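# Fold and contact review
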Amino acid sequence: MKYILEKSLQTAHSYTEYKKMVLELLKEGKSTGMNQNEDLFHFTKLNNQRMKRLDKQTKLNEETLSKTQKINRDFTWLVLTESWCGDAAQTLPVINKFAEANKKIDLKVVLRDENEELMNQFLTNGNKSIPKLIVVDNHSKEVVGSWGPRSAKATKMVIDYKEKYGKIDDKLKTDLQNWYNEDKGFQIEMEMVELIDGLIL
């Protein structure tokens, strides 16, 4: 596992670098990933706009900031993602706010399809679901936590819908994005706080 992590970290991007890369791909009419088509480009374009908006609007509450600032060891928060992923666009800006709040958190982003070995270590019900956050202790190089691909409430929405209708379709995707807009990152923030509880000595 340490070798797989190290390999992925060598190709990791900072959050700023990731956003810049996505912007450059959009100029070429592309998304991240091996597959390229109009839908993936459209989702990438949409997600880029969402992330820009959330970067400006997302603010962690005072209690969250206070707890985040108590982290006194160095961690890498490594996120597996792709530019076309709607859940990732809603999640990454929130996770980045935690990294901005404490320099002990080094946020790194890697692409799922370029890091299959790593992704296979963090499957969700056998699926390569993203985004996936992996928390690495920089001293021991051990994985000490993980989160994703969605908050518990968003996950329940997806499970309930699939049980009722048998698949994820455009209606669910729209419902999910509407839920994210109403929630304003609150559920993700609360679950990140739970993750941080395990990182504070």
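Residues numbered from 1 in each chain as written. Predicted model: local features only at pLDDT ≥ 70, side-chain atom pairs only at ≥ 80, totals over all residues. Heavy atoms only, no water.

Attention now moves to the pattern of salt bridges. If you walk through the whole model with that rule in mind, you get 14 salt bridges. Between glutamate 24 and lysine 27 there is a salt bridge, with its nearest N and O atoms 3.4 Å apart. With glutamate 24 and lysine 27 both in helix H2 (residues 15–27), this residue pair falls 3 residues apart, about one helical turn. The class of glutamate 24 is partly exposed, set by a relative accessible area of 37%. Across the pair arginine 150 and aspartate 87 runs a salt bridge whose closest N-O atoms are separated by 3.1 Å. Here arginine 150 is found in the loop between strand E4 (143–147) and helix H7 (152–165), whereas its partner aspartate 87 is found in helix H5 (residues 86–101), with 63 residues between them in sequence. (Salt bridge = Lys/Arg side-chain N within 4 Å of Asp/Glu carboxyl O. Helix = DSSP H or I, 4+ residues; strand = E, 2+ residues; numbered from the N terminus. Buried < 20%, exposed > 50% of the residue type's maximum accessible area, 1.4 Å probe, protein only.)

Moving on, we get to the nonpolar core. Residues Trp77, Phe98, Leu133 and Met192 are the most contacted members of the largest nonpolar core, which totals 36 residues. For this core, the elements supplying multiple residues, two or more each, are H2, strand E1 (75–81), H5, strand E2 (105–111), strand E3 (132–137), H7, helix H8 (170–183) and helix H9 (186–197). A total of 6 residues in this core trace back to one element, the largest contributor, which is H5. When sequence neighbours within four positions are dropped, the list of residues in contact with leucine 133 reads Trp77, Leu78, Val79, Ile95, Gly145, Ser146, Trp147, Met192 and Leu195. Ala88, Leu118, Phe122 and Ile134 belong to the second-largest nonpolar core, a separate cluster that totals 14 residues. (Core = buried A, V, L, I, M, F, W, Y, C linked by side-chain atoms within 4.5 Å. Contact = heavy atoms within 4.5 Å.)

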